[in-house]
Amino acid sequence: MKSIQKTTIKKIDIERTAIDQTTGEDALAAYAISSREYKCPCCEESLILRKGEKNRHHFAHYSSEEKCEYYDGPNMYDSKYLAKAETRQHIQGKKYLKKIVEEKTIIVSRPCATGQCDTIHEFVINRSNPDNEVIIIEHPTKLKDGRNITPDLAKVDQETHEVKEVYEIYNSSRTLEPNRLNLIWFEFNQQQVHERYHDPSYNTQETVLLTCIRRNIKCRWCVR
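The rules behind these values
- Residues numbered from 1 in each chain as written.
- Predicted model: local features only at pLDDT ≥ 70, side-chain atom pairs only at ≥ 80, totals over all residues.
- Heavy atoms only, no water.
- Helix = DSSP H or I, 4+ residues; strand = E, 2+ residues; numbered from the N terminus.
- Areas by Shrake-Rupley, 256 points an atom, 1.4 Å probe, with all protein chains shown as cover.
- Salt bridge = Lys/Arg side-chain N within 4 Å of Asp/Glu carboxyl O.
- Buried < 20%, exposed > 50% of the residue type's maximum accessible area, 1.4 Å probe, protein only.
- Pairing = 2+ DSSP bridges.
- Core = buried A, V, L, I, M, F, W, Y, C linked by side-chain atoms within 4.5 Å.
- Contact = heavy atoms within 4.5 Å.
- Axes fitted to C-alpha atoms, helices over the stretch in contact; angles between N-to-C directions.
- Phe/Tyr/Trp six-rings, centres within 6.5 Å; stacked < 30°, edge-to-face > 60°.
- Expected span 1.5 Å × (residues − 1).

A. Spatial organisation of the overall build of the protein. Looking only at helices and strands, the protein has 3 helices and 14 strands in total. When the accessible area of the protein is evaluated, it comes to approximately 13,300 Å², of which 45% is carbon and sulfur surface.

B. Representation of the pattern of salt bridges within the structure. For the structure shown, the criterion picks out 8 salt bridges. The shortest N-O distance in the salt bridge between arginine 36 and aspartate 20 comes to 2.9 Å. Taken together, the residues span a long stretch of sequence, with arginine 36 in the loop between strand S2 (26-27) and strand S3 (38-39) and aspartate 20 in strand S1 (residues 18-20) at a distance of 16 residues. Between lysine 99 and glutamate 25 there is a salt bridge; the shortest N-O distance is 3.7 Å.

C. Representation of the pairing of strand S4 (residues 47-50) within the structure. Of the two faces of S4, only one is covered, namely that formed by Leu47 and Leu49; the face formed by Ile48 and Arg50 stays uncovered. Here 4 bridges tie S4 to strand S5 (residues 58-61), and the two strands are oriented antiparallel to one another. Its bridge partner lying in S5, leucine 47 is registered against histidine 61.

D. Structural context of the nonpolar core. In this structure, Leu97, Val108, Tyr167, Phe186, Phe188 and Val193 are the most contacted members of the largest nonpolar core, which totals 20 residues. Considering every element that reaches this core, the biggest residue donor is helix H1 (residues 79-103), with 4 residues. Each residue touching valine 108, except ones within four places of it in the same chain, is listed here: His121, Glu122, Phe123, Ile125, Phe186, Phe188, Leu210 and Cys212. In terms of nonpolar packing, the next biggest core, distinct from the first, is built from 14 residues, Leu47, Cys68, Tyr70 and Tyr81 among them.

E. Examining the environment of valine 163 more closely. Within the secondary structure, valine 163 sits in strand S12 (residues 163-170). Residue class for valine 163 comes out buried when judged on its relative accessible area of 16%. Each C-alpha atom, one on valine 163 and one on histidine 139, is 9.1 Å from the other, the two residues being 24 residues apart in sequence. Apart from residues lying up to four places away in sequence, valine 163 is in contact with His139, Thr141, Ala154, Lys155, Val156 and Leu183.

F. How the structure looks around the sheet that holds strand S7 (residues 120-125). If you walk across this open sheet you meet the 3 strands as S7-S6-S14, and the pairing is mixed. What marks the edges here is a single partner per strand, and that holds for S7 and strand S14 (207-211). Averaged over all pairs of adjacent strands, the angle between strand axes in this sheet comes to 25 degrees, irrespective of strand direction. Looking at chain direction, strand S6 (residues 105-111) and S14 are connected through 5 bridges and run parallel. Bridge pairing links threonine 105 to threonine 207 in S14.

G. Representation of the packing of aromatic side chains in the model. Counting across every chain of the model gives 9 aromatic pairs. Ring centres of phenylalanine 59 and tyrosine 71 lie 6.1 Å apart, and the angle between their planes is 55 degrees; this geometry places the pair in the tilted category. Pair noted here: phenylalanine 59 is in strand S5 and tyrosine 71 is in the loop between S5 and H1, with a separation of 12 residues, a long-range link. Residue tyrosine 71 is classed as buried on the basis of its relative accessible area of 9%. Here phenylalanine 123 and phenylalanine 186 contribute two aromatic rings whose centre-to-centre distance is 6.3 Å and whose plane-to-plane angle is 70 degrees, an arrangement assigned as edge-to-face.

H. Structural detail: H1. Compared with the 36 Å implied by 1.5 Å per residue over 25 residues, the 36 Å span of H1 between its first and last C-alpha is a close match. Within H1, burial applies to Tyr81, Ala85, Gln89, His90, Gln92, Gly93, Lys94, Tyr96, Leu97, Ile100 and Val101.

I. Layout of the sheet that holds strand S11 (residues 153-157). With mixed pairing, the 4 strands of this open sheet are ordered in space as S8-S11-S12-S13. Only two strands of the sheet have a single neighbouring strand rather than two, namely strand S8 (133-137) and strand S13 (184-189). With direction set aside, neighbouring strand axes in the sheet form an average angle of 20 degrees.

Rendered as structure tokens:
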């Protein structure tokens, strides 16, 4: 396999999205458009979009008697708020990844499984038969060993109904199972998917670079 320069993904806290009232989609503050209106997915009240030069871009509530602390306040880290934030961003990440797989060729980098070297293996994800293949979110899939799984996304042949590839995205919790027999599958960082989709050059570029965290390919030098 071809080796390319090693890449790293910075770990950040779960960023809370807001609902774009123009499109109905979830939006991150860094990519939100100032001229549009946004509402809180928790209390559904209108929000302020703060995109200054010094502080990190973020959404905030207007002052109100009934304080929602989804974005700020001492209780914003309560489990109910964190769970909602992670769920919403994960759902939006799946939608973004679906569009990327449908629209672009993805160059995937994956580190050596031994962890003993900096070799990065390169793979290509594309739709070899776009007229016959569909990308489905949460498609029930049966493995060769009889187990049933529901991956975040699956590439499915419309004629044979065969699952060609599966794709998972994660923020803080990676897929626990070490192996999925007879399946080609990839697992991507959720924040990286958001960043790639909102890259200013996304619409003009033919390929998108993503890093897969699955370590299942061993460098031949490490094996020796």
